[in-house]
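# Secondary and tertiary structure notes
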Amino acid sequence: MSQAEGTAVAAGAPGLRRRRFSRGRFLRGSVPYGLIVPVAAAIGAILGYPLYSLVRLSLQHYGLFELISHRGQWVGLDNFRSVLGDAVFWHTLLRTVVFTAVNVSATIVLGTLVALLLVRVSAWARLLLTGGLVLVWATPVVVAVQIWYWMTNFQNGVVNYVLTKLRVGDFFQHDWYATTFSQLGLVTTLVVWGALPFVAISVYASLAQVPRELVEAAEIDGARPWRVFLDVIFPILRPILLILTSLSIIWDFGVFTQPFLLIGQSHIHPGNYLMGVYLFEEGYVKTDFGRGAAISLLMLLMVSAMSVVYVRKMVRMGDVE
Amino acid sequence: MNPRRATRAGWNTVAVVLFVLMVFPVFWMISTAFKPDDQIVSADPSWFSLHPTIAHFRAAIDTPFFWTDVKNSLIIVCTTVVISIGLAFLAAIALAKYRFSGRKLFIVLMIGIQMLPQAGLIIPLYVVLARYHQVNALTGVILTYMTFALPFSVWTLRGFIINIPRELEEAAMVDGSTRLGAFVKILLPLAAPGLVATSVFAFITSWNEYIFARVLLNDQGKQTLTVWLSYFLGSSRHTDWGALMAGSTLTAIPVLVFFLLVQRKIAFGLTAGAVKA
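Residues numbered from 1 in each chain as written. Chains lettered and ligands numbered in written order. Predicted model: local features only at pLDDT ≥ 70, side-chain atom pairs only at ≥ 80, totals over all residues.

### Quick look at the overall build of chain B
Keep this limit in mind: The secondary structure listing takes helices from DSSP runs of H or I that are at least 4 residues long and strands from runs of E that are at least 2 residues long, numbered from the N terminus. Only the C-alpha atoms count toward the radius of gyration. The rule for a globule is 2.2 Å times the residue count to the power 0.38. Each residue is classified by how many other C-beta atoms fall within 10 Å of its C-beta atom, where C-beta atoms are placed from the backbone; a count of 20 or more means buried, 12 or fewer means exposed, and values in between mean partly exposed. By the convention adopted here, residues make contact when the C-beta atoms placed from their backbones lie within 7 Å.
Helices and strands together make up the secondary structure of chain B, namely 13 helices and zero strands. Taken over the C-alpha trace, chain B has a radius of gyration of 24 Å; the compact-globule value for 277 residues is 19 Å, which it surpasses by more than 25%. When its C-alpha atoms are laid out on the principal axes, chain B stretches across 75 × 70 × 30 Å. The 277 residues of chain B split such that 43% are buried. Across chain B, the fraction of contacts at a sequence separation of at least 24, relative to all contacts at a separation of at least 6, is 77%.

### Focus on the overall build of chain A
Within chain A one finds 14 helices and two strands. For a compact globule of 321 residues, the expected C-alpha radius of gyration is about 20 Å, and chain A comes in at 27 Å, more than 25% above that figure. Each principal axis of the C-alpha distribution contributes one length, and for chain A these read about 90 × 75 × 30 Å. Burial statistics for chain A: of 321 residues in total, 37% are counted as buried. Across chain A, the fraction of contacts at a sequence separation of at least 24, relative to all contacts at a separation of at least 6, is 67%.

### Details of the interface of chain B and chain A
To keep things clear, this is the line we draw: Only Asp, Glu, Lys and Arg are considered charged in this grouping, and only Ala, Val, Leu, Ile, Met, Phe, Trp, Tyr, Cys and Pro are considered nonpolar; every other residue, Gly among them, is considered polar.
The interface of chain B with chain A comprises 76 residues on the first partner and 75 residues on the second. Considering each element in turn, the side of chain B that touches chain A owes the most residues, 15 residues, to helix H1 (residues 3–34) of chain B. Here the side of chain B that touches chain A is composed, by residue class, of 57 nonpolar, 12 polar and seven charged.

### Quick look at the domain arrangement of chain A
Residues and elements named next belong to chain A. Cut-off, in case you're wondering: Each domain span listed reflects an automatic or database assignment of domains.
What the domain assignment lists for chain A is domain 1 (2–58) and domain 2 (81–319). Here the C-alpha centre of domain 2 lies 41 Å away from the C-alpha centre of domain 1. The residue makeup of the side of domain 1 that touches domain 2, split by class, is three nonpolar, one polar and no charged.

### Looking at helix H6 (residues 122–131) of chain B
Counting buried positions over the 10 residues of H6 of chain B gives eight, a clear majority of the element. Following H6 of chain B by one or two positions, His133 of chain B adopts a phi angle in the positive range, close to 55 degrees.

### Comments concerning helix H7 (residues 141–151) of chain A
Owing to its 3.6 residues per turn, the α-helix aligns residues three or four sequence positions apart on the same side. Along H7 of chain A, 10 of the 11 residues are buried, which leaves the element largely enclosed by surrounding structure. Along H7 of chain A, the positions that sit buried rather than exposed are Val142, Val143, Ala144, Val145, Gln146, Ile147, Trp148, Tyr149, Trp150 and Met151 of chain A.

### Examining the nonpolar core
If you look at soluble globular proteins, the nonpolar side chains tend to sit buried side by side. To keep things clear, this is the line we draw: Think of a nonpolar core as buried Ala, Val, Leu, Ile, Met, Phe, Trp, Tyr and Cys residues chained together by C-beta atoms that fall within 7 Å.
Ranked by size, the top nonpolar core spans 155 residues in total, and within it Ala88, Ala91, Ala92 and Ile122 of chain B carry the most contacts. Discounting chain neighbours no more than four positions away, the residues touching Ile122 of chain B are Phe280 and Tyr284 of chain A together with Ile211, Phe212 and Val215 of chain B.

### Remarks on the packing of helix H4 (residues 66–97) of chain B against helix H9 (residues 179–208) of chain B
Two quantities define a packed helix pair, namely the angle between the axes and the distance from one axis to the other. Residue and element names in this part refer to chain B. Here is the rule: Here an angle of 0 to 180 degrees is reported between the N-to-C directions of two axes, which are lines fitted to C-alpha atoms, with helices fitted over the stretch in contact. Comment on the angle field: the value is read as roughly parallel under 35 degrees, roughly antiparallel over 145, roughly perpendicular from 65 to 115, and oblique elsewhere. The hand of a helix crossing depends on one turn: near helix anticlockwise from the far one by less than a right angle means left-handed, and clockwise means right-handed.
Where H4 contacts H9, the axes come no closer than 9 Å and their chain directions differ by 140 degrees. Of the possible angle classes, the one that applies to H4 and H9 is oblique. Seen from above, H4 lies across H9 with right-handed handedness. Contacts between H4 and H9 involve Ser73, Ile76, Val77, Thr80, Val81, Ser84, Ile85 and Phe89 on the former and, on the latter, Leu195, Thr198, Ser199, Ala202, Phe203, Ser206 and Trp207.

### What to know about the confidence of the model for chain B
Residue and element names in this part refer to chain B. Threshold: One confidence number per residue, pLDDT, is output by the predictor and ranges from 0 to 100.
Taken residue by residue, chain B gives an average pLDDT of 87. The fraction at 70 or more is 92%. Mean pLDDT per element in chain B: helix H13 (residues 272–276) is the minimum at 30, and helix H10 (residues 211–216) is the maximum at 96. Overall, residues 266–277 carries pLDDT values under 50, and its contacts beyond four positions in sequence, including any with other chains, amount to 12 contacts. Both scores are given for the predicted complex: the pTM is 0.89, the ipTM 0.89.

### Considerations on unusual backbone geometry
For Arg167 of chain A, which is not glycine, the phi torsion reads 60 degrees and is therefore positive. Along the chain, Arg167 of chain A falls in the loop between helix H8 (158–165) and helix H9 (180–207). Assessed through the 7 C-beta atoms surrounding it within 10 Å, Arg167 of chain A is described here as exposed. Positive phi, normally seen in glycine, also occurs at Phe65 of chain B, with a value near 75 degrees.

### Quick word on the environment of Thr164 of chain A
Among the secondary structure elements, Thr164 of chain A is positioned in helix H8. Leave out the neighbours within four places in its chain, and Thr164 of chain A touches Asp170, Phe171 and Phe172 of chain A.

### A few points about the packing of helix H5 (residues 87–120) of chain A against H9 of chain A
Residues and elements named next belong to chain A. Relative to each other, H5 and H9 sit at 40 degrees, their axes nearing to 7 Å. What the angle tells us is that H5 and H9 run oblique. The two elements H5 and H9 cross, and the hand of that crossing is right-handed. Residue composition of the contact of H5 with H9, by class: 19 nonpolar, five polar and no charged.

### Brief notes about the environment of Phe259 of chain B
In this fold, Phe259 of chain B is placed in helix H12 (residues 241–267). It is 7.7 Å that separates the C-alpha atoms of Phe259 of chain B and Ile204 of chain B, two residues lying 55 residues apart in sequence. Excluding residues that lie within four positions of it along the chain, Phe259 of chain B makes contacts with Val134 and Ala138 of chain A together with Ile204 of chain B.

### Description of the confidence of the model for chain A
Within chain A, residue pLDDT values average 88, and 90% of them lie at 70 or more. Note on residues 1–18 of chain A: pLDDT is under 50 here. Beyond four places in sequence and across chains, it has eight contacts.

### Description of the environment of Ser182 of chain A
Tracing the backbone through its elements, the reader meets Ser182 of chain A in helix H9. Sequence separation between Ser182 of chain A and Arg212 of chain A is 30 residues, and the spatial gap between their C-alpha atoms is 43 Å.

Spelled out as structure tokens, the structure:
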């Protein structure tokens, strides 16, 4: 744009070209900077400055007293030493990694299967299922948590009723919140349910790029469905699956609302912490902001390392135009 | 029936079963919200009530601070959206229409910031806002919401603006419009659907936000609707499932309505026809 416009303006005023050129060019060159300044300044104030404070905080003892006096005591790397020397941190990290792996695999595999299903069904069934997926997608997380809590209630929960009716086992007054495994299992169903529509609809959209003739040719050549998927469909889905997987990893690793509200604050203890909950309890609830800052910093560094793949991919895509 | 048809019918059945499984939680929320109490706690639950009641909605609305929190949510969300979209629109034009050094860094920041987990930001935001006495204040929450609304809006709006063919703007300028005139007459109306869609998405994300509001707002009279809903169970001694589901339905309604609206807007192939014709 700026190039085309530059020639147009220059051609329109031949006599004044020499003198105005450098000044006009300078002004034109500064337009984009003028346009991004408000956002850049706002981001700097509401995010840049807090992140700078985060690094400072992580090197300070900062409790309730310091919060009121607005001044922390420098303690060097004590917070990091304390966090990294704490078995709870390592157990939480391991638990979060396993949780993330299970949730992401389930979301991506099920989402892809639903997308493949959407290609095979009649138009009315596709409309029905897509409508359902959009409805689930639109359900707020806090609302979904309340629904889950009600459905899995030990006394009147519909899940116990249905499972017993279907003769899956005796679930009469079964308490889903009794063990850590079962608690995190419930959180997993909630997270996967909520994330499935986004993945399924995105994969379905890129399935449209798979040439029909190619699939049919492979089928005529006698390829089994699994081989068709691996050799014909999967290569085309690869980029979108890569993006969706990295997004899901980042989201699930930092998940907070679902485990915090579904397990419930009275049932939360170091034995069922996930990273987000751990940070909230250790830093905010115990008003040990210095130590909380150290945990935050470690968590943000881990997530940043994980996002590198995604951000690079997105920037490359965004820079094409 | 030939085998091809039979497979299709089989897949359709799978799709219907899946639909039922996916939608059931939402159905169960609405169904419970309208059921009389004795049917809710019955040992043999019915799928929906033949005698629906709106008593639970009345109970949910009558809980303390419901309307205050609706008002708080609306103030926070609307202010966040208006400021974010206004600032982001300018930056999105810069990204879509100009090449300048630092552009790539700015894009990396906009994408990268959206990846930061909110849980990781609560400590520094809380401490910094406390320093400026913005804890327990709606303005503080609005500032924290802008940390995700701004980069999201910049990136999404840029996608909409980049798809507006520059031929249209150039044509207007050839016809004698100034650059500002071309902007007002051509770019703004064509970007309008993108602005609406992005605003609605920003509205939904802010309306649904929980952790920042939970950390920053402690006074009951200053909370948002999601925080109100999360404390709902604690407010009564016996669990009023009907009212909880009615409250959940009320919280979800604005989002559901908006979401269905935007789905269509985004599918609009707005500028495709303009150039070809």
